[in-house]
Each structure stands twice: as C-alpha cells, then as structure tokens.
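A look at the structure
One-letter residues, chain by chain:
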Amino acid sequence: MEVADKIAKVREFLRPIRQQGKSIGFVPTMGALHDGHLALIKRAREETECVVVSIFVNPLQFCPNEDYDKYPRRLEEDLRLCENSGVDLVFSPSVEEIYPREQLTIVSVRKLTETLCGRSRPGHFDGVTTVVTKLFNIVQPDIAYFGQKDAQQAVVIKRMVEDLNFPIEIVVVPTVRDEYGLALSSRNEYLSPEEKIQARSIYMALKTAEEKIKEGEKDAHVIIDTMRQIIESAGPFRIDYISIVELETLQEVDRIDSLPVMVAVAVYIGKARLIDNIIIRE
Ligand code: AMP
C-alpha cells in the first residue's frame, strides 16, 4: 500500500494505473475509520481495480463553533485498517497541501443544501462539495463511494456530479450499524457509555416511523411527534430536526401520499451531534 501526503505523488502513482486501463475506486473520508468506512472500501475493492482512500479532516466543512479541533485523528491505526482492507493508495494531505492559499473558488449546490443539516450548519455543504471537487480532480476516479448514513451529502454530491458533468459514477453504500442499531460514526466517540445507550433511541424512532408509515399513517406530523417522544424520553437530547422528506428533492412532506420517502433525524447529545435516516420504500 502506498501512502501519499502530496498531490503530485498521487498523480504520479495513478498515471500508469490509468494508462493500463485499470478502474479507480475512491473513498473520501475524514479518518478515525470504523466498519462504516470499511464497508465503502470493501465495495470499492469488489468493483474496481485500484482503491484510493483519502483521509482529510476538511476545515472548510466545519462551522466556527463545531468540533474541528476535537475531531478524532489517528492516522497510524487508519493506515493499518486500510492496509488490511486491500487499499492501494491512501492520500492523507495536510491542510496546507489542500488549501495552500485562501480558497476563492467555492462549489455550491443550491436548494438541496437548504433543508435538513443545511439549516443548522451554514456553509457545511459548500465545504463538502468544494473539497470533494478538489479530491475528484486530484484522484480522477471512475467510481466514488459514499455512505447512506450521510444521506443529504450523498444526494448533494450526486447532483453536483450531474450538474458539472464529472465523469464519475457515485455509489451509495447502506448504513452500517452496531448490534443495537446505532449508526457507526467517528463522532460516537464523543458519547459517554450512558449516552451511547440513550442514542439507540434514534434508530428505535426511525423504525417506529417505518412501522407507522407501513401501517398507513399519512400525517407526517403525527409520525414526527411519536419519534420526538421516543427520543426525548430516552435521554437529555436536543433535537435539531426530525423530518420526512421526498427522496430526490429533500423537500419536507406534510402528508405521505407516495413512497419512497426518507425519514431523517439530527440530535445533539452531550458533546455530539448525531444524524441518521432510513428510506421507506413500497
Ligand atoms: P466521514 O469520515 O465521517 O466523513 O465519512 C466518510 C464516508 O463514510 C462518508 O461517505 C460517510 O457517509 C461514510 N460513512 C460514515 N459512517 C458510515 C456508516 N455508519 N455506514 C456507512 N457509511 C458511513
């Protein structure tokens, strides 16, 4: 496995691979890798001939009061996990390598970034789409892999790729959960053991929403109220949003007249902001 912290080295490594006609799969991450990331890597390994993982805690996608400084960083362990997962190249650049001077060019997807997490994290998605564009231009993958756990991010990136004609296929991989349903996240490390148990209520609420919708409940607000009760009675949560949205547009629905829809949750507990979602199909 090759490890590169310079853009030039990534290009040098990938040039002959591309010339040989081999397909390149790309998994962008912020590190502190867990089984969710590894599921993306595994899928890339199955579908492409050369797997590139980036590890970069992107300052541009954190709001000023967020956890950029505290975000877990453990490159050595991440490299070991990548090596064991058959990754060919890890790109782990410094902030200076990615942003050598003020980034004057920002890639911004409208509308889709104005709902859900976009409301409480202003500028977050511009930071994501800008860094993903830069990484796409550096790696030039055939297929890039994203997690369903960050559903809005996946929708936004798919749209960006279509709108800007990137010659890249976007694959979205199902959310990996622990045995109690809690979606794996690098931010779960902020939770105390007690908060981790309380956080199981997020998935319980999502599954309850699914049941109610499948039983025929059409009123989104009734479902959201039930979910709110489940989460709030489990622990000292501050709910950012509980929304039921149309899958393509991410616009909230008041009535569930057609499927699929996505039920999405963001909550604060302790030092963490946790998000999760499920898609409900016919
Ligand atoms: P992050 O390092 O948190 O920026 O995540 C990097 C990629 O891994 C993103 O595409 C995430 O959606 C994906 N990811 C994170 N957690 C999970 C999970 N529990 N299941 C599936 N994918 C995940």
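These remarks concern the structure in this document. As the structure is a computational prediction, the values presented were derived from the model and not from experiment.

A closer look at the overall build of the protein
- From N to C terminus, the protein includes ten helices and nine strands.
- Since a compact globule built from 282 residues should have a radius of gyration of about 19 Å, the 19 Å found for the protein is in line with a globular shape.
- Taken over the C-alpha atoms alone, the protein extends approximately 55 × 40 × 40 Å along its principal axes.
- Relative to its full complement of 282 residues, the protein shows a buried share of 52%.
- For the protein, the share of sequence-separated contacts (at least 6 apart) that also reach a separation of at least 24 residues comes to 73%.
- Between the centroid of the 36 positive side chains of the protein and the centroid of its 45 negative side chains there is a distance of 2 Å.

A word on the sheet that holds strand E3 (residues 50-55)
- Read across the open sheet, the six strands follow the order E1-E4-E3-E2-E5-E6; overall the sheet is parallel. Sheet topology places strand E1 (2-4) and strand E6 (169-173) at the edges, where each strand pairs with a single neighbour. Adjacent strand axes in the sheet meet at a mean angle of 25 degrees, parallel and antiparallel pairs treated alike.
- The sheet contact formed by strand E2 (residues 24-29) and strand E5 (residues 143-147) spans two bridges and is parallel. Paired with Phe 26 across the strands is Ala 144, a residue of E5.
- Packing of helix H2 (residues 35-47) onto the sheet brings it into contact with E2, E3, E5 and E6, and relative to E5 it is tilted by some 155 degrees.

Focus: the pattern of salt bridges
- Under the criterion given, the structure shown has 16 salt bridges.
- Across the pair Arg 187 and Asp 67 runs a salt bridge whose closest N-O atoms are separated by 2.8 Å. Of the two residues, Arg 187 is situated in the loop between E6 and helix H8 (193-198) and Asp 67 in the loop between E3 and helix H3 (75-84); the sequence distance between them amounts to 120 residues.
- Glu 210 is the salt-bridge partner of Lys 214, the closest N and O atoms lying 3.4 Å from each other. Here Lys 214 and its partner Glu 210 are both found in helix H9 (residues 200-214), four residues apart, which amounts to about one turn of the helix.
- For Lys 214, a relative accessible area of 54% gives the class exposed.
- Overall, the relative accessible area of 16% leaves Glu 210 in the buried class.

Comments concerning the pairing of E6
- Here E5 pairs with E6 via five bridges, running parallel. Bridging from a neighbouring strand, Gly 147 pairs with Val 173 of E6.
- Regarding the hand of the β-α-β motif, the stretch spanning E5, helix H7 (residues 151-163) and E6 is right-handed.

With respect to H3
- Asp 78, Leu 79, Leu 81 and Cys 82 are the residues of H3 that are buried. One face of H3 carries all of its buried residues, which in axial projection span an arc of 160 degrees. Among the exposed residues of H3, those pointing more than 90 degrees away from its buried face are Glu 76 and Asn 84.
- Among the structural elements, E1, H2, E3 and strand E4 (89-91) are those in contact with the buried residues of H3.
- Phi turns positive, to about 80 degrees, at Gly 86, one or two residues after H3.

Digging into the side chain of Arg 121
- Following the sequence through the fold, Arg 121 ends up in the loop between helix H5 (117-120) and helix H6 (124-139).
- Look at Arg 121 and you get buried, because its relative accessible area is 9%.
- Look past the residues within four positions of Arg 121 in its chain and what remains in contact with it is Gln 61, Cys 63, Glu 66, Arg 187 and Arg 273.

Some thoughts on the nonpolar core
- Counting 45 residues, the largest nonpolar core has Leu 14 and Phe 136 as its most contacted members.
- Element by element, the count of residues in this core is highest for H6, at eight residues.
- If we skip the residues at most four places from it in the chain, Phe 136 touches Phe 26, Pro 141, Ala 144, Phe 146, Ile 157, Met 160, Val 161, Phe 166, Ile 168 and Ile 170.

Digging into the site of the ligand
- Of all residues adjacent to the ligand, which total 17 residues, the nearest are Met 30, His 37, Asp 150, Val 176 and Leu 184.
- For the ligand, an oxygen atom lies 2.9 Å from a polar atom in the backbone of Met 30.
- Within the backbone of Leu 184, a nitrogen or oxygen atom sits 2.8 Å from a nitrogen atom of the ligand.
- Considered on its own, the ligand offers 480 Å² of accessible surface; in the complex 93% of this is hidden by protein.
- Going through the elements one at a time, E2, H2 and E5 are the ones with two or more residues in the shell around the ligand.
- The dominant element in the shell around the ligand, judged by the number of residues it contributes, is H2, at three residues.
- Looking at the shell around the ligand, its residues break down into eight nonpolar, seven polar and two charged.

Reading the values: the criteria
Residues numbered from 1 in each chain as written. Predicted model: local features only at pLDDT ≥ 70, side-chain atom pairs only at ≥ 80, totals over all residues. Heavy atoms only, no water. Helix = DSSP H or I, 4+ residues; strand = E, 2+ residues; numbered from the N terminus. Rg over C-alpha atoms; globule rule 2.2 N^0.38 Å. Buried < 20%, exposed > 50% of the residue type's maximum accessible area, 1.4 Å probe, protein only. Contact = heavy atoms within 4.5 Å. Lys, Arg positive; Asp, Glu negative; His and termini not counted. Charge placed at Lys NZ, Arg CZ, Asp CG, Glu CD. Pairing = 2+ DSSP bridges. Axes fitted to C-alpha atoms, helices over the stretch in contact; angles between N-to-C directions. Salt bridge = Lys/Arg side-chain N within 4 Å of Asp/Glu carboxyl O. Right-handed = clockwise from strand over helix to strand, strands pointing away. Arc of directions from axis to C-beta. Core = buried A, V, L, I, M, F, W, Y, C linked by side-chain atoms within 4.5 Å. Near = heavy atom within 4 Å. Polar contact = N/O pair within 3.5 Å; in protein donor to acceptor, adjacent residues only side chain to side chain. Areas by Shrake-Rupley, 256 points an atom, 1.4 Å probe, with all protein chains shown as cover. Nonpolar A, V, L, I, M, F, W, Y, C, P; charged D, E, K, R; others polar.

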